[in-house]
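# Summary of structural features
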Amino acid sequence: MQTLLTDLLVTLAYGVVGVALMAVGYVLVDVATPGKLHELIWAERNRNAALLLASNLAGVGIIVVAAIAASADDFALGLVGAAAYGILGLVIMAASFLLLDMATPGKLGEILVDPEPHPAVWVSAVVHLATGAIIAAAIS
């Protein structure tokens, strides 16, 4: 019973860190795009904004999973690693967004929330996922 309780508490701690990092990712995407992200996605049903946010959340999730797997049963190291690598991943995702914005015509944030589907959203989404995968590979 003690092991089950310990495992549940460890899982809860990792879950809290993961959800907190995804919340930070949500805020970063909201700041990077014009308008209110929750209105764009849930009220206006903007597919571009939804894809951008979903790819950011998936990228963060990939990083957190890799950090947990690499912790090798060292709970404290795994928890700190998940948080640190998650924050690093978010910083790199934000930097890659800015670099992509500088390399492309127009304001990327405005393009990504256009009501019409735009191919630039797929490019930005893949950058988020690739960033998550790169950080995850570096962890292991």
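The name an unreviewed UniProt entry gives the protein is DUF350 domain-containing protein, with Micromonospora halotolerans as the organism. What UniProt states about the protein under its Subcellular location (unreviewed entry) heading is, verbatim, "Cell membrane". The protein has a UniProt comment under Sequence similarities (unreviewed entry) that states "Belongs to the UPF0719 family."

Summing up its helical and strand segments, the protein has six helices and zero strands in all. Ordering the α and β elements of the protein from the N terminus gives α-α-α-α-α-α. With respect to the principal axes defined by its C-alpha atoms, the protein has extents near 55 × 30 × 20 Å. Relative to its full complement of 140 residues, the protein shows a buried share of 36%. At a minimum sequence separation of 6, the contacts of the protein that also span at least 24 residues come to 72%. Of the roughly 8,000 Å² that the protein leaves accessible, carbon and sulfur atoms contribute 73%. Here the protein contributes 4 positively and 10 negatively charged side chains, and the mean placements of these two sets differ by 11 Å.

Reading the values: rules and limits
Residues numbered from 1 in each chain as written. Predicted model: local features only at pLDDT ≥ 70, side-chain atom pairs only at ≥ 80, totals over all residues. Heavy atoms only, no water. UniProt positions renumbered as here; feature names shortened; annotations may be inferred. Helix = DSSP H or I, 4+ residues; strand = E, 2+ residues; numbered from the N terminus. Buried < 20%, exposed > 50% of the residue type's maximum accessible area, 1.4 Å probe, protein only. Contact = heavy atoms within 4.5 Å. Areas by Shrake-Rupley, 256 points an atom, 1.4 Å probe, with all protein chains shown as cover. Lys, Arg positive; Asp, Glu negative; His and termini not counted. Charge placed at Lys NZ, Arg CZ, Asp CG, Glu CD.

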